[in-house]
Amino acid sequence: MSERLEDIAGAMVASGKGILAADESSGTIKKRFDSIGVESTEENRRDYREMLFRADEAMRKYISGVILFDETLRQKAADGTPLVEIIRNTGAVPGIKVDGGAKDLAAFPGEKVTEGLDGLRDRLSEYYGLGARFAKWRGVIAISDVLPNRGAVRANAQALARYAALCQEAGIVPIVEPEILMDGEPGDHSVDRCYEVTQEVLRAVFAELFNARVSLEGMVLKPNMVIDGKNARKASVEEIAEKTVRCLRATVPASVPGIAFLSGGQSDEEATAHLSAMNAAYDMPWQLTFSYGRALQAACLQAWGGKPENVAAGQRAFSHRARMNGLAATGNWNRDLEQAA
Ligand SMILES: O=P(O)(O)OC[C@H]1O[C@](O)(COP(=O)(O)O)[C@@H](O)[C@@H]1O
């Protein structure tokens, strides 16, 4: 018997846990490996991700699900165990990135639309067979004084909604990710401009989800926080927490079981501090947690450096960030815990 979407979604946002985004596409993982001088070969990618998934205690205690790239879902560990099985044995749910990436949107210079709907029904049924129980699709929204245009917002919202409906038909929980870029160009927008655009985008996304008859109980939202651009950072932790919660309350129906933020280029500690501040100070109808890529992995990647003898150090770095974010997911993180480590 297949599991209920609501139960899978509930497990993905279980209290004190969050999602590890390890679904970097080939181009993105190459960038990450370039930063530590490691060649992006299939074996190196496997070794790196196997190191994360075998950080057993962190995975069991703080990670509810792992987003994978197509290659990883099919890969075996060095000893022949499928990586999906290692993840499942920790109690985490395996998930899969199914979008085909953000491409230039015709007639909208500087704006993108995410591709990948063609053939998606067949791919989802194959992924289900390979063990995936949730999926992820990221729409990318540019932000400036004049962007985004309504047409670009609508194109991305519709694609997200069509993707989500197909996932639910396949018994797979969709993570719906509309990302307003914090680290795009020019990156000088204020926190209030981010509020305005995030509100507009989330409204458009939920309107399209309703139109597409997506069951909100069986999805997870992965938004950006309401935060100023990378070249204009000055808002305090409290301001970002307050504005993010206010924006989400104004746009996200209470029937959505959980919201799991992307980190978007925030430093490790910022991403943790912001999440913890929201959970500590506000009552919300949804679980509020993390689905971080960089903010969970950056320290681990550095500690590992591509060297087999550094696997334990890499796992320690990952476990520390997983624990800090697990605490943030219940509002119980504080800076002293970082120093103690
Ligand atoms: O451009 P890609 O390779 O699809 O990757 C985008 C990345 O952004 C995320 O959606 C969020 O990652 P961050 O937390 O690092 O912002 C990841 O799930 C994903 O790996």
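An unreviewed UniProt entry annotates the protein chain as Probable fructose-bisphosphate aldolase class 1 of Hoeflea prorocentri. Quoted verbatim from the Catalytic activity (unreviewed entry) field of the UniProt record, the comment on the protein chain reads "beta-D-fructose 1,6-bisphosphate = D-glyceraldehyde 3-phosphate + dihydroxyacetone phosphate".

Trainee: Summarise the nonpolar core; cite the residues concerned and give the values.
Mentor: Counting residues in hydrophobic clusters, the biggest one holds 94 residues, and the most contacted among them are F53, Y163, L209 and F318. Discounting residues that sit within four places of it in the chain, F53 has contacts with L20, A22, M59, V66, L68, T72, L83, I86, I87 and T90. Grouped together as the second largest cluster of nonpolar side chains are 14 residues, I8, M12, V13 and I67 included.

Trainee: Describe the pattern of salt bridges, naming the residues involved and giving the relevant values.
Mentor: What the rule picks out here adds up to 31 salt bridges. Among the salt bridges present, the one from E115 reaches K103, with a minimum N-O distance of 3.7 Å. Here K103 lies in strand β4 (residues 102-104) and E115 lies in the loop between β5 (112-114) and α7 (120-129), a separation of 12 residues in the sequence. With a relative accessible area of 40%, E115 lands in the partly exposed category. Close ionic contact of E269 with R335 constitutes a salt bridge, the shortest N to O distance being 2.6 Å. Separated by 66 residues along the polypeptide, E269 in helix α11 (residues 268-281) and R335 in helix α14 (residues 335-340) bring together distant segments of the chain. Taking the relative accessible area as the measure of exposure, R335 reaches 43% and is therefore partly exposed. If you follow the salt bridges from partner to partner, you end up with D23, K97, K136, R138, E177 and E179 in one network.

Trainee: Would you mind going over the confidence of the model for the protein chain in detail, with residue names and values included?
Mentor: Atom-level detail of predicted coordinates should not be read off regions where pLDDT is low. For the protein chain, the average pLDDT comes to 97, and 99% of its residues sit at 70 or higher. The ipTM assigned to the predicted complex is 0.93, against a pTM of 0.98.

Trainee: Could you give me a rundown of the sheet that holds strand β6 (residues 134-141), with the residues and numbers involved?
Mentor: Read once around its circumference, the closed barrel built from 8 strands follows the order β1-β2-β3-β6-β7-β8-β9-β10, with strand pairing classed as parallel. Where strand β1 (residues 18-22) meets strand β10 (residues 287-292), 2 bridges bridge the pair, whose relative direction is parallel. Each bridged residue has a counterpart across the sheet, and for L20 the counterpart in β10 is Y292. Contacting β1, β2 (63-68), β3 (93-97), β6, β7 (173-180) and β8 (220-221), helix α1 (residues 5-12) crosses the sheet at an angle of about 50 degrees to β7. Each of β9 (258-261) and β10 touches α11; the most contacted strand, β10, lies at about 170 degrees to it.

Trainee: Residue-level account of the site of the ligand, with values.
Mentor: Around the ligand, the surrounding shell holds 16 residues, and the nearest of these are D23, S25, T28, K97 and S263. The side chain of S25 places a nitrogen or oxygen atom 2.5 Å from an oxygen atom of the ligand. At a separation of 3.2 Å, an oxygen atom of the ligand approaches a polar side-chain atom of K222. Surface burial for the ligand is 91%, taken as the share of its 480 Å² of free accessible area covered by protein chains.

Trainee: Explain the side chain of N156 to me, using residue names and the numbers behind them.
Mentor: Among the secondary structure elements, N156 is positioned in helix α8 (residues 150-169). Here T114 takes part through its backbone nitrogen, which lies 3.4 Å from a polar atom of the side chain of N156. Looking at N156, its side chain comes within polar contact range of the main-chain oxygen of A152, at 3.0 Å. For N156, the residues in contact, after removing those within four places along its chain, are K112, V113, T114, G139, V140 and I141.

Trainee: Can you lay out the pairing of β2 for me, pointing to particular residues and giving the numbers?
Mentor: Counting buried positions along β2 gives 6 out of 6 residues, so the element sits mostly inside the fold. Here β1 pairs with β2 via 5 bridges, running parallel. When the sheet's bridge partners are listed, A22 is paired in β2 with L68. Two elements, β2 and β3, share 4 bridges in a ladder whose sense is parallel. In the sheet register, V66 faces β3, and the bridge partner there is P94.

Here is what the cut-offs are and how they apply
- Residues numbered from 1 in each chain as written.
- Predicted model: local features only at pLDDT ≥ 70, side-chain atom pairs only at ≥ 80, totals over all residues.
- Heavy atoms only, no water.
- UniProt positions renumbered as here; feature names shortened; annotations may be inferred.
- Core = buried A, V, L, I, M, F, W, Y, C linked by side-chain atoms within 4.5 Å.
- Buried < 20%, exposed > 50% of the residue type's maximum accessible area, 1.4 Å probe, protein only.
- Contact = heavy atoms within 4.5 Å.
- Salt bridge = Lys/Arg side-chain N within 4 Å of Asp/Glu carboxyl O.
- Helix = DSSP H or I, 4+ residues; strand = E, 2+ residues; numbered from the N terminus.
- pLDDT = per-residue confidence, 0-100.
- Pairing = 2+ DSSP bridges.
- Axes fitted to C-alpha atoms, helices over the stretch in contact; angles between N-to-C directions.
- Near = heavy atom within 4 Å.
- Polar contact = N/O pair within 3.5 Å; in protein donor to acceptor, adjacent residues only side chain to side chain.
- Areas by Shrake-Rupley, 256 points an atom, 1.4 Å probe, with all protein chains shown as cover.

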